[in-house]
Amino acid sequence: MAHDLKELNTEAGESGVRTARRPGADRLPQSGAFARDAPAPDHSTACGENITLPVPEPPLPTFWLGAHRPHRLKQTNAPLFISNRQLAPVRTLPRALGPWALDSGGFTEITKYGEWRTTPQQYVRQIRRYRDEVGQLAWASQQDPMCEDEALRMTGLSIDQHQDLTVTNFLSLRWLAPELPIIPVFQGWLRPHYVRCAEKFAAAGVDLTREPLVGVGSICRLPNTFTAGWILQDLHAMGLKLHAFGYKKTGLASSWPYVASADSMAWSKAGRYERVCGTHSGEANCLSYAQSWRRDLLHHLVDIRARTYPRPAEPRAITAHDADDAHAAP
Ligand SMILES: [Zn+2]
C-alpha cells in the first residue's frame, strides 16, 4: 500500500501540510462520531486574533482496481483487486507486476449456494499458493457472509447470525494461518449493526484497532451514500483503518478521509457501451480504459482534497509598483 500512496502523491504532484479547516467541515454531515469529536482547541490570542494552525491533510485512499481476469496481474503494476472465484481455477498463475488484494468471492458463493462451499482450510491453501506463485499479495479478505437482502434470503439466516459466522470464520482463518495477511470484515446493514459487529469481534478477543486493515462489507449496496458515509465515520472514529468494498467516486467524494482504501469494478459497467480505443466493440474488459477510469477517480479525489485543505496564500514578493502605492498612501 505504501507503493500506491507514493504513486498517488506523484499523481497528485503535491503532498505535505496545508492550512485547513476541520476535515470536511464544509460538506460532510456533522452527526455520528464526528459530532462527538472534542471541539477544536481555541487558538485565539489575547488580543482576540485567530491563528490558523497548519493541519496535516489526510492521505488519499489507495484505490484497488477490480479486474475480472487474473492475467491482468502480469500486465500492469496498478493495484488490482481479484476475486478468488477467478483465481482458484487457474492452473498456471500469473506473476504479479504490482501489489494486489484478494476478494474472497463471497457474494457469488453466498448468492449462488446460500453457504460457503470453500472451507477455511481450502481458502488458506489457496491464499498460500497465491502468495508464493503470484507474489505481491498485499492482503486477502476473510470469508464473510454479506447482509444484503439477496444474501439473507439465500442463507435463511438473520444479520446477527451472519455476523456470528463472520467472526467465527475470522477466528478460524487466523488460527489456521496467522502468517497470512487476512483482514477481518464488518458485516451489517444499518449503523447499529456495524457497531454490534465491532462488539462481537471485541467479545471474541479480536482487537480491531491493532489490525492493519479492516474491511467494511455490504455498504456498496445501501440505497444511499449518506448511510454508508455515516457508518464509515463511526468506524473510523473507533481508530480503525478501513477498506470500503465496492466503493467508488460518489461515495469516496465525501468519505475519503475515513478510509485507507477502496475497490470497485464499476469501470467495466461504465465502459460496456463506450468505444474509446476503437479496436473493440466496448470497453467492459479493456485494461487501458480501466486504468484511465482509475486515474480520473484519483484526480477527482485530489481536487476534492485541495478544496477541503486549501493551501495558504504564498507570500508575494514586493514589487516596485507596490512600493509606489505605499508611498502614495496618506
Ligand atoms: Zn479499450
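Residues numbered from 1 in each chain as written. Predicted model: local features only at pLDDT ≥ 70, side-chain atom pairs only at ≥ 80, totals over all residues.

Caption draft 1: Region of interest: the pairing of strand E5 (residues 100–103). Taking every second residue as pointing to the same face, both faces of E5 are buried, with Trp100 and Leu102 on one and Ala101 and Asp103 on the other. Pairing between strand E4 (residues 80–83) and E5: four bridges, direction parallel. The residue bridging Phe81 from the neighbouring strand is Ala101, located in E5. Note that E5 and strand E6 (residues 137–141) share three bridges and pair parallel. Residue pairing in the sheet places Trp100 in a bridge with Leu137 of E6. (Buried ≥ 20, exposed ≤ 12 C-beta atoms within 10 Å, placed from the backbone. Helix = DSSP H or I, 4+ residues; strand = E, 2+ residues; numbered from the N terminus. Pairing = 2+ DSSP bridges.)

Caption draft 2: Here's a closer look at the sheet that holds strand E11 (residues 261–264). In space, the nine strands of this open sheet follow the order E7-E6-E5-E4-E3-E11-E10-E9-E8, with parallel pairing throughout. The open sheet has two edge strands, strand E7 (182–183) and strand E8 (185–186), and neither has a second partner.

Caption draft 3: View of unusual backbone geometry. Located in the positive-phi region is Gln136, a residue other than glycine, with phi close to 60°. Topologically, Gln136 is positioned in the loop between helix H5 (120–133) and E6. Notably, Ser218 is not glycine yet its phi reads approximately 70°, a positive angle. Mapped onto the secondary structure, Ser218 falls in the loop between strand E9 (214–216) and helix H9 (225–237).

Caption draft 4: Highlighting the nonpolar core. Ranked by internal contacts, the top residues of the largest apolar core, which has 64 residues, are Leu80, Val216, Leu232, Leu242 and Ala244. Examining the composition of this core, we find that six residues originate from one element, helix H12 (residues 287–308), more than from any other. The contact partners of Leu242, leaving out residues within four places of it in the chain, are Val214, Val216, Leu232, Leu235, His236, Tyr258, Val259 and Ala260. Grouped together as the second largest cluster of nonpolar side chains are six residues, Phe107, Ile110, Cys147 and Trp189 included. (Core = buried A, V, L, I, M, F, W, Y, C linked by C-beta atoms within 7 Å. Contact = placed C-beta atoms within 7 Å.)

Caption draft 5: Fine view of the confidence of the model for the protein chain. Across the protein chain, pLDDT averages 82, with 78% of residues at or above 70. Residue range residues 325–330 is modelled with pLDDT below 50. Its contacts to residues more than four positions away, or to other chains, number zero contacts. (pLDDT = per-residue confidence, 0-100.)

Caption draft 6: Representation of the packing of helix H7 (residues 159–176) against helix H8 (residues 191–203). Between H7 and H8, whose axes approach to 10 Å, the crossing angle comes to 35°. The interaxial crossing formed by H7 with H8 has right-handed handedness. Along the contact surface, H7 presents Ile159, Gln163, Asp164 and Val167, while H8 presents His193, Arg196, Cys197, Lys200 and Phe201. Split into classes, the residues belonging to the contact of H7 with H8 amount to four nonpolar, two polar and three charged. (Axes fitted to C-alpha atoms, helices over the stretch in contact; angles between N-to-C directions. Left-handed = near helix turned anticlockwise from the far one by under 90°. Nonpolar A, V, L, I, M, F, W, Y, C, P; charged D, E, K, R; others polar.)

Caption draft 7: Molecular detail of the environment of Thr108. With respect to the helices and strands, the residue Thr108 is situated in helix H4 (residues 106–113). For Thr108, a count of 14 C-beta atoms within 10 Å gives the class partly exposed. For the pair Thr108 and Ser83, spaced 25 residues apart in the sequence, the C-alpha separation amounts to 9.9 Å.

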